[in-house]
Amino acid sequence: MTPDRKVIGRAWAATQFDRLRLRTRADVERRQNDLWRRLQPVLARTPALAAYAGRPLGEFPIFTPTKVRAAFADWNTLGLDEASVMAAAQAAEEGRDGGLAGGVTAGFSTGSSGSRGLFLASPTERAAYVGHALARLLPLDAPLRTWRIALCLRADSALYRDVGGAGRVSFDFIGLDTPADQRMARLEAFQPHVLIAPSHVLADIARRAGEGVRWPLRRLLYGAEPMGEGERDWIGQRLGLRPDPIYQATEGFLGAACRFGTLHLNEDVLIIERDPIAGTNRFRPIVTDLRRVSQPVVRLRLDDVLEPAGPCRCGSPLLAVRGVEGRYDDLWRWGDHVIPPRDVEDALAHALGPQQDWRVTGSAKGVVIEVDPAVAPVAVGALDGLLSKVENGPTIVVAPSPIWDQPKRRRIRWSDAQ
C-alpha cells in the first residue's frame, strides 16, 4: 500500500512547527494536556482502559509490557485477537502479504529478552510516524534533497517500507541475518546518506572499513543496543561521522538525537514519567503515547535504564538523556550497592579500548568476564577498580571471548543464578 504523502507532509510540518513553538517546559506540558484530552474517546474504545477514560493520567494504573502482551485483545481498539495479528505479523516478516482489514499492518519488535512484542499500525498512523521521524532525524532542508536511507534490523515491516514512499527517499532494508561481507557490499553499492543500525553492526562495519568508507553519509544512527562514548568516538573516526542515538521500541518512536548528538525524548507526542531507580540517578520511563489509536500505550513502564543529561545546548525543552544504557534487570546489585551498566561500560572501554569485544555478567556469586585472554589481566584490573567499594568484593572469573547468540548485543548482564 502506497503511503499517504499528504499525511506524511502534515506530520513533518507539524513537528517542525512544534519545534519552534515549544520553547519551555510549560509549552510542552500545555501541548501534552491538549493531546491527552483529545485521546479520551480512543481510551474509551480500549477494553483495558475504558473504565479509566476521562480521568487524569495519574489515576490510571501503571502497566508492564508483560501484562499488556498477555491480554493483546484488550489493548487494541480494532477488536483484533492475538492469533490473527500474530499470523499477519509472521506473514509480513516472511515477505508475504501481512495486511489486515483497512490497511492495518502488524509486526514484531526485535525481542532482546526472547519475547517479541507485537505491534499494530493503521495507514494514517504509519504515515504520521514517518513524517514525525523524518522531521526529528533529518535536517530542516530534508524535503529539498535526495536521501538514500539504509536500515539494518532483524526484520522488515510496512512501517519502515513506508519511509521509501516519503518523497525523495530511497530505502534499503538489510536484515541482521545478512552475512557481514554481503552487508558491506550492499552498502557500498547503495551509498547511503543515512545509515541506521544496532551498535554491534556499526562496530563491525567500522572494523571492516579499512581506511574508511566513501559513502556520502549525512547521518549515522544507532539503536536497539547501548553504545558507550568511547565506541561512538571510535566508530566516528572510522566512518567519518559520529553515530547518534535513536530510541525506538515496540511502544513507539520514543526519542531522537539533536544536532549536538544528545538524545531527547519525544515529549511533543509522548508523556514520559520517571520511575526512579534506588541508589542511582537513573530512572525507568513510564510511557504514554498521545497519538496512538490502533494500539494505545498508557502508563507503560519500560525496563530501559535512562539517565538525565541536564539542559542541552540546543535549547530544546524536551528531556535530554544520556542514551539508553541498558535494561533494569542488568543493574549490578550487591546489598545496597548498585552499579549501573554505563559505569561498567566506561570502565572496560577505557581500559581495553572501544574496539575490543567483551561481555560481563554479575551475580551474587561474583563477576564473569568473557574477553580475549590476551587482554584479560587489563579487564580484571578495570573491574577490580570498579568493584573496590563493594563490601566483600565479588570474585572475578575470566572466560573465553564472547559468542553473540541473540539478535541484540547485551554486553552487561546480571544473573539471579545462585
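To be clear, the structure that these remarks concern was listed above.
Everything numeric in this text was worked out from a predicted model, so none of it was measured. Each chain has its residues counted from 1, following the order in which its sequence is written. It should be noted that, the model being predicted, local features are given only for residues of pLDDT at least 70 and side-chain atom pairs only at 80 or more, the latter also being counted only at that level, while totals for whole chains, interfaces and linings use all residues. Only hydrogens and water are set aside; all other atoms, that is, all heavy atoms of the structure, feed into the side-chain values.

Enquirer: It is not clear to me how the overall build of the chain should be interpreted in this structure. Could you clarify?
Expert: A run of DSSP states H or I qualifies as a helix once it reaches four residues; a run of E qualifies as a strand once it reaches two. Both are numbered from the N-terminal end. Counting its secondary structure elements, the chain contains eleven helices and 20 strands. Just to be clear, the radius of gyration here is over C-alpha atoms, and the globule rule we use is 2.2 Å times residues to the power 0.38. Since a compact globule built from 418 residues should have a radius of gyration of about 22 Å, the 22 Å found for the chain is in line with a globular shape. Across the 418 residues in the chain, those meeting the buried criterion constitute 55%. Positive: Lys, Arg. Negative: Asp, Glu. His and the chain ends are not part of the count. For this purpose, a charge sits on NZ of Lys, CZ of Arg, CG of Asp or CD of Glu. In the chain, 55 side chains carry a positive charge and 50 a negative one; their mean positions are 6 Å apart. When a residue's accessible area, from a 1.4 Å probe over protein chains only, is under 20% of the maximum for its type it is buried; when over 50% it is exposed; and in between it is partly exposed.

Enquirer: Help me understand helix α9 (residues 229-239), please; the structure alone is not making it clear to me.
Expert: An α-helical segment advances 3.6 residues per turn. Residues three or four places apart therefore align on the same side. Of all the positions in α9, only Glu-231, Arg-232, Trp-234, Ile-235, Gly-236 and Leu-239 are classed as buried. Looking at the buried positions of α9, the neighbouring elements they touch are α8 (199-208), β6 (219-223) and β7 (244-249). Following α9 by one or two positions, Gly-240 adopts a phi angle in the positive range, close to 85 degrees. Contacts: residue pairs with any heavy atoms within 4.5 Å of one another.

Enquirer: Looking at this model, I keep getting lost on the pairing of β6. Mind explaining?
Expert: Regular strands have side chains that alternate between both faces of the sheet. Here β6 lies mainly inside the structure; five of its five residues are buried. Sheet topology places strand β5 (residues 194-198) next to β6; five bridges connect them, and they run parallel. Directly across from Val-194, in β6, lies its bridge partner Arg-219. Across two bridges, β6 lies against β7 in parallel orientation. Its bridge partner lying in β7, Leu-221 is registered against Asp-244. Where the polypeptide runs from β6 across α9 and back to β7, its parallel neighbour, the crossover connection is right-handed. When DSSP finds two or more bridges between a pair of strands, those strands are recorded as paired. Note on handedness: a crossover is taken as right-handed if, strands pointing away from the viewer, the path from the first strand over the helix to the second is clockwise.

Enquirer: What is the right way to read unusual backbone geometry from this model?
Expert: Negative phi values dominate among residues other than glycine, just as trans dominates among peptide bonds. Phi at Ala-224 takes a positive value of approximately 75 degrees, unusual for a residue other than glycine. Mapped onto the secondary structure, Ala-224 falls in the loop between β6 and α9.

Enquirer: Where do I start with helix α2 (residues 25-44) in this structure?
Expert: In this scheme, a helix's expected span is set at 1.5 Å multiplied by one less than its residue total. The end-to-end C-alpha distance of α2 is 29 Å, a good match for the 28 Å that 20 residues give at a rise of 1.5 Å each. One fitted axis covers the seven residues ending at a residue, a second covers the seven starting there, and the bend at that residue is the angle between these axes. The axis of α2 is deflected most strongly, by about 35 degrees, at Arg-38, and proline Pro-41 appears within four residues downstream. The complete set of buried residues in α2 reads Asp-27, Val-28, Arg-31, Gln-32, Leu-35, Trp-36, Leu-39, Gln-40, Val-42 and Leu-43. In this structure, the buried residues of α2 make contact with α1 (5-21), β10 (270-276) and β11 (283-289).

Shape is all these values report; function is a separate question.
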